[in-house]
Amino acid sequence: MQVALFGNPNTGKTSLFNELTGSYEYVGNWTGVTVEKKVGQLKENAGVLIDLPGIYALNPLSKDEAVASRFLIEEDFTSVLNIVDASQLARNLHLTIQLMEYGKPVLIGLNMIDVAKSRGMKVNDRSLAEALGIPVVPIIARTGKGCKAISEQMQEKAVVPDFRIDYGDELEHAATYLMDRLPDFRSLNKRWLALQFLEGNEVIRQIPAFMNVKPELEDFCAGVERRLRAANPHTSIKQEMFKKRQQFIDRLMETAVEKTAAE
Ligand code: GDP
Ligand code: K
Ligand code: MG
């Protein structure tokens, strides 16, 4: 089992990594970039945990985001462990959605539940799990609380999210168009590839297997963007996709977060 640890910066990934892995770990560089990769042996020989740089999205604005996207298209791994900061849930879920769209099993470690509580927020992990269709384990990575439950959940049968955001007619039509034209690549999920291509993820657009179709499909995406702008001059494909994800997250927050008195 090879589990890839994804999350926003400062969400507790390193704390969790240290809780879940023994001392046997090493540091190396990802192909072509000088960013550290850290791989740790999961306790009880359950496999390895791969620590990735903290990121907000897959569409790379930073080197770290490019590393994460490259990892997703180049490396073999079994599942994603997405560490989410419960006190910044809405913001964190933008990455979660993109990881779920990727099509591999995802397990959420809902961290910083103590911080959320002190800010008067109680995240209902069961509602969140039900709404997303994947396991959610509440943890406090700093103290190790819930880390055993994460290990146990990782031993269970992994769950591939049956998950789809509806991006609206224009973008859904565009995604389908791209899915029909992008060649197969390493049996990666075609809808995820199409959505990332549409959003302008350069790591995806530059996949060598896409070189023959890239110019035509980029023109097509530019046309989609022009049509969106004709309706609303301040928008873009990226903005529209962000908006749809945000709408989904807003609805989720209503059902999964209780406001309590701040401590
Ligand atoms: P990373 O950047 O995602 O690797 O996050 P770190 O593991 O370095 O954690 C960032 C900071 O948050 C550190 O000071 C941790 O001690 C702290 N931290 C991690 N998990 C928790 C938690 O569940 N609760 C609280 N209160 N702090 C935490
Ligand atoms: K940090
Ligand atoms: Mg870290």
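Quantities reported herein were computed from a predicted structural model and do not represent experimental measurements.

Notes on the side chain of Ser79
Locating Ser79 in the fold gives a position in strand E5 (residues 79-85). Not counting residues up to four positions away in its chain, the partners in contact with Ser79 are Gln2, Val3, Ala4 and Pro105.

Quick notes on helix H6 (residues 147-155)
Taken together, the buried positions of H6 are occupied by Cys147, Ile150 and Met154. Around the axis of H6, the buried residues are gathered within 50° of arc, so they sit on the same side. For H6, the exposed residues set more than 90 degrees away from the buried face come down to Lys148 and Gln155.

Remarks on the site of ligand 1
Inspection of the region around ligand 1 gives 13 residues, with Lys13, Thr14, Ser15, Asn111 and Asp114 positioned closest. A distance of 3.0 Å separates an oxygen atom of ligand 1 from a polar backbone atom of Asn10. The contact in question runs from an oxygen atom of ligand 1 to an N or O atom on the side chain of Asn111, over 2.9 Å. For ligand 1, the accessible surface in isolation is 580 Å², of which the surrounding protein chains cover 74%. For the shell around ligand 1, the leading source of residues is helix H1 (residues 13-20), giving 3 residues. Residue composition of the shell around ligand 1, by class: 4 nonpolar, 6 polar and 3 charged.

Regarding the packing of helix H3 (residues 89-102) against helix H11 (residues 237-256)
The interhelical angle for the contact between H3 and H11, taken along N-to-C directions, is 115°, at an axis separation of 10 Å. For the pair H3 and H11, the sense of crossing is right-handed. Contacts from Leu89, Ala90, Leu93, His94, Ile97, Gln98 and Glu101 in H3 reach Phe242, Arg245, Gln246, Phe248, Ile249, Leu252 and Met253 in H11. Class assignment of the residues belonging to the contact of H3 with H11 gives a composition of 9 nonpolar, 3 polar and 2 charged.

What to know about the packing of helix H5 (residues 125-132) against H11
Two numbers describe how H5 lies on H11: the axes approach to 9 Å, and their chain directions differ by 140°. Note that H5 runs across H11; the crossing there is right-handed. Residue-level inspection shows Ser127, Leu128, Ala131 and Leu132 of H5 in contact with H11, the latter providing Phe248, Leu252, Thr255 and Ala256. Of the residues assigned to the contact of H5 with H11, the class counts are 6 nonpolar, 2 polar and no charged.

Rules used throughout
- Residues numbered from 1 in each chain as written.
- Chains lettered and ligands numbered in written order.
- Predicted model: local features only at pLDDT ≥ 70, side-chain atom pairs only at ≥ 80, totals over all residues.
- Heavy atoms only, no water.
- Helix = DSSP H or I, 4+ residues; strand = E, 2+ residues; numbered from the N terminus.
- Contact = heavy atoms within 4.5 Å.
- Buried < 20%, exposed > 50% of the residue type's maximum accessible area, 1.4 Å probe, protein only.
- Arc of directions from axis to C-beta.
- Near = heavy atom within 4 Å.
- Polar contact = N/O pair within 3.5 Å; in protein donor to acceptor, adjacent residues only side chain to side chain.
- Areas by Shrake-Rupley, 256 points an atom, 1.4 Å probe, with all protein chains shown as cover.
- Nonpolar A, V, L, I, M, F, W, Y, C, P; charged D, E, K, R; others polar.
- Axes fitted to C-alpha atoms, helices over the stretch in contact; angles between N-to-C directions.
- Left-handed = near helix turned anticlockwise from the far one by under 90°.

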